[in-house]
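The chain contents come next:
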Amino acid sequence: MKTLILIVGPTGTGKTELSVSLAKELSTEIVSCDSMQIYKGMDIGTAKVTPAEAGGVPHHMIDIKSPFDSYSVSDFCRDAKECSEKIFAKGKPVIMVGGTGLYADSFANDTDFTETGTNEQIRAELSAYAEENGIEALHNMLASIDAESAASIHPNNVKRVIRAIEYYRLTGETISEHNRKTKEKPSPYRCIYIGLERDRDELYERIDSRVDLMMKKGLLAEVWTLYAMGCRSHHTSMQALGYKELIWYIEGKCTLDEAVRILKRDSRRYAKRQLTWFGRNKNINWINLSSCKTKEQVMKTVRSILAKNEVTI
């Protein structure tokens, strides 16, 4: 069976470093499952792996779309499968790394997105409703239909809220029920989940420091460049942390200090949501990097997890 190693966890834990080290030991390649690293020109704010960090390890699903493009989880699963099959064909495991839980789980579960099409009339109607009544009202509409989905989809993610309502209207079945049935289907992969976490205070300190470092590296200039190209808040790419907040500053809606403060706050909140998402997955082997003080300790733990799943390094 094809082996899929998923390295997941909240932002700022150290997933990139571990994934590169493991890829080198397994002589394999990495597939990113970060919903914003797919966009070109968004390097600093999405913490894309640099050539120096990659150390020669091939990375896939990075810089594949324009920041003006829309991109869905079904698009990801299709494209990630294409590049993963090429790695599997070499007799190697695939290492999938990132914090977008929906992407990782949908790929691992081989979720079928072809069963139901789309209805542009419904989408237009729901978009107009959100424009007139606000995104919270749209989210409340979803909650009245499918409380489970509403609990897992943030109101700001209008695209997913609309899709969940659209799916219900087209099929009479909630999308959460559909997803539950999908998960009951056996995966075509031998999935090994490795989750990285840190003590909460340490994680939040790392997130704050990471934001400060991004600003020093030129995040504001990066956002200005995208803004000058025509990227605006309504583009999916500009919903990414670090971009929407600095666009507010560029448009005079807040000061730079306020934008950075909000970015740090929202990054911490995002990490908390990621932990909630991954916490529901009982198959994740968690490693607390606050306890494992050295890289070798971490790799020893990873090797032990892989050995239990009959993967040797």
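Residues numbered from 1 in each chain as written. Predicted model: local features only at pLDDT ≥ 70, side-chain atom pairs only at ≥ 80, totals over all residues. Heavy atoms only, no water.

Here we look at the packing of helix 6 (residues 135–145) against helix 8 (residues 158–171)
- Running from N to C, helix 6 and helix 8 cross one another at 35°; their axes reach a closest spacing of 10 Å. Between helix 6 and helix 8 lies a crossing whose hand is left-handed. In contact with Ile135, Leu138, His139, Met141, Leu142 and Ile145 of helix 6, helix 8 contributes Val158, Val161, Ile162, Ala164, Ile165, Tyr168 and Arg169.
- Considering only residue class, the contact of helix 6 with helix 8 consists of 11 nonpolar, one polar and one charged. (Axes fitted to C-alpha atoms, helices over the stretch in contact; angles between N-to-C directions. Helix = DSSP H or I, 4+ residues; strand = E, 2+ residues; numbered from the N terminus. Left-handed = near helix turned anticlockwise from the far one by under 90°. Contact = heavy atoms within 4.5 Å. Nonpolar A, V, L, I, M, F, W, Y, C, P; charged D, E, K, R; others polar.)

A few points about the packing of helix 10 (residues 200–217) against helix 13 (residues 256–279)
- Interhelical geometry of helix 10 versus helix 13 gives an angle of 140° and a closest axis separation of 10 Å. The angle between helix 10 and helix 13 places the two elements in the oblique class. Pair helix 10 / helix 13 crosses with right-handed handedness. Between helix 10 and helix 13, the residues in contact are Arg200, Leu203, Tyr204, Ile207, Asp208, Val211, Asp212 and Met215 and Leu256, Val260, Leu263, Lys264, Ser267, Arg268, Ala271, Lys272 and Leu275, respectively. (Parallel < 35°, antiparallel > 145°, perpendicular 65-115°, else oblique.)

Things to note about the side chain of glutamate 245
- Looking at the secondary structure, you find glutamate 245 in helix 12 (residues 244–250).
- Buried and unpaired, glutamate 245 has lysine 244 as its nearest opposite-charge partner, separated by 4.4 Å. (Buried < 20%, exposed > 50% of the residue type's maximum accessible area, 1.4 Å probe, protein only. Lys, Arg positive; Asp, Glu negative; His and termini not counted. Salt bridge = Lys/Arg side-chain N within 4 Å of Asp/Glu carboxyl O.)

Considering the sheet that holds strand 6 (residues 284–288)
- The parallel open sheet is built from six strands, whose spatial order is 3-2-4-1-5-6. On the outer flanks of this sheet lie strand 3 (59–60) and strand 6, each paired with one strand and no other.
- The pairing of strand 2 (residues 29–32) with strand 4 (residues 94–97) spans four bridges and is classified as parallel. Looking across to strand 4, one finds that isoleucine 30 is bridged to isoleucine 95.
- With respect to the sheet, helix 1 (residues 15–26) is in contact with strand 1 (2–8), strand 2, strand 3, strand 4 and strand 5 (189–197), its orientation differing from that of strand 1 by roughly 155°.
- Against the sheet, helix 4 (residues 101–108) touches strand 1, strand 4 and strand 5, its axis set at about 160° to strand 5. (Pairing = 2+ DSSP bridges.)

What about the nonpolar core?
- Phe76 and Met96 are the most contacted members of the largest nonpolar core, which has 49 residues in total.
- No other element matches the seven residues that helix 3 (residues 73–88) contributes to this core.
- Apart from residues no more than four positions distant in its own chain, phenylalanine 76 is found in contact with Ser32, Cys33, Met61, Tyr71, Lys81, Met96, Tyr103 and Phe107.
- Ranked by size, the runner-up nonpolar core spans 23 residues in total, among them Ile5, Ile194, Val302 and Ile305. (Core = buried A, V, L, I, M, F, W, Y, C linked by side-chain atoms within 4.5 Å.)

Any functional reading would require information that these geometric values do not contain.
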